[in-house]
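Residues per chain, in single letters:
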Amino acid sequence: MNPRSIFDNVISNLIWVAIVAIVGIIYKYYSSLNNLQWILLSINIILIIVFFYYRHKLQIVTGILKVEQQMKDGISPEKALGLCKNNIKFLGIAANKLVNSPEFEKAIKRCNRPGKPIKFLLSSPDNIILKHAARRENKELNQFKEMVNSTLRKLVQLKQENGYNIEIRLYKSEKESGPPSFRLFFIDDTSVLVSYYIFGEGEGLQMPQIQIIKTKNKRDVENFYYAFEHYFNSLWETSEIYE
């Protein structure tokens, strides 16, 4: 039996022990409950325990740790930066929310390693999708271009003045609906925050956010972390190096 199966069996047995213990405690202190109340209480206890059990199973099988209906209710850019201790990889359009955060340079300093670059995969300033987004939001056509250029200046400044090991690549698209489909923030090669874009509909904070962890003791291809890391790496390899 592999370690994962053993762990799952232990969890299952602990759940049944918890059910028996909880029912015993309730019987001791609330023995005056009638039969209908006992039935309703027992059903609620079982449903709660089953919920947490299958939530645990979902995490083990897929790597999905948490899902938020809106990104603004999930892990903010500031909090995500605070979680980074060893490495950062980011895929987005301009990364303005990151670079303008007071936590940004602190995170870059913590994660700087000579042999492992911090990676930013951003839109080319001349990308057609930026003009499309500007038209959708009735903004100046060059507004998003300047947002990207602002981030690039900040990153280059950190590289040149502090010697941080930062690599930047720029993707382009031939179509207005082109890449990327997702905003990806990889934290320490152990988890990734996933959200997506609808170009021309604001900052995207109203879109869902998924937190995925890189599970252990199983094949990497059986986890959603692998899929999003592969997506990032594939786009990285085909994008333009920015110096």
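Conventions adopted
Residues numbered from 1 in each chain as written. Predicted model: local features only at pLDDT ≥ 70, side-chain atom pairs only at ≥ 80, totals over all residues. Heavy atoms only, no water. Helix = DSSP H or I, 4+ residues; strand = E, 2+ residues; numbered from the N terminus. Buried < 20%, exposed > 50% of the residue type's maximum accessible area, 1.4 Å probe, protein only. Contact = heavy atoms within 4.5 Å. Areas by Shrake-Rupley, 256 points an atom, 1.4 Å probe, with all protein chains shown as cover. Pairing = 2+ DSSP bridges. Axes fitted to C-alpha atoms, helices over the stretch in contact; angles between N-to-C directions. Core = buried A, V, L, I, M, F, W, Y, C linked by side-chain atoms within 4.5 Å. Disulfide = S-S within 2.5 Å. pLDDT = per-residue confidence, 0-100.

Draft legend 1. Quick look at the overall build of the protein. When its secondary structure is counted, the protein shows eight helices and eight strands. Taking all 243 residues of the protein together, 41% fall into the buried category. Relative to all contacts within the protein whose residues are 6 or more apart in sequence, the contacts with residues 24 or more apart total 69%. By element, 57% of the accessible surface of the protein is carried by carbon and sulfur atoms, the whole surface being about 14200 Å².

Draft legend 2. Looking closely at the sheet that holds strand β6 (residues 191–196). Taken in spatial order, the eight strands line up as β1-β7-β6-β5-β2-β3-β4-β8 in an open sheet, and their pairing is mixed. Only two strands of the sheet have a single partner each, and these edge strands are β1 (64–68) and β8 (240–242). Going from strand to strand, the sheet's axes swing by 15 degrees on average, the running direction of each strand aside. Across six bridges, the pairing between strand β5 (residues 182–187) and β6 is antiparallel. Residue pairing in the sheet places Phe182 in a bridge with Tyr196 of β6. Helix α5 (residues 104–111) rests against β2 (88–91), β3 (118–123) and β4 (166–171) of the sheet, and its axis sits at about 135 degrees to β3.

Draft legend 3. Structural view of the nonpolar core. Membership of the largest hydrophobic core comes to 50 residues, with the highest contact counts inside it found for Ile88, Phe104, Phe120 and Phe185. The element contributing the most residues to this core is helix α7 (residues 143–162), with six residues. Apart from the residues lying within four places of it in its own chain, the contact partners of Phe120 are Phe90, Leu98, Phe104, Ile108, Leu155, Ile166, Glu167, Ile168, Arg169 and Trp236.

Draft legend 4. Inspection of helix α6 (residues 128–136) at higher detail. Inspection of α6 places Ile129, Leu130, His132, Ala133 and Ala134 among the buried residues, and these make up the whole buried set. If you follow the buried residues of α6, they end up packed against β3, α7 and β4. One or two positions beyond α6, positive phi appears at Asn138, with a value near 55 degrees.

Draft legend 5. Expanded view of the state of the cysteines. For the structure shown, the criterion picks out zero disulfides. Considering cysteine sulfurs only, Cys111 is the nearest to Cys84, which forms no disulfide, with 5.0 Å between them. Residue class for Cys84 comes out buried when judged on its relative accessible area of 0%. Residue classification places Cys111 among the buried residues on the basis of a relative accessible area of 0%.

Draft legend 6. Up close: unusual backbone geometry. Unlike most non-glycine residues, Ala95 shows phi in positive territory, near 60 degrees. Here Ala95 is to be found in the loop between β2 and α4 (96–99). Although it is not a glycine, Asp189 adopts a positive phi angle of roughly 60 degrees. Position of Asp189 relative to the elements: it lies in the loop between β5 and β6. Assessed through its relative accessible area of 17%, Asp189 is described here as buried.

Draft legend 7. Inspection of the confidence of the model for the protein at higher detail. Averaged over the protein, the pLDDT score is 80; the fraction of residues at 70 or greater is 69%. Here residues 1–7 is modelled with pLDDT under 50, and outside its nearest four sequence neighbours on either side it reaches six contacts, counting other chains as well.

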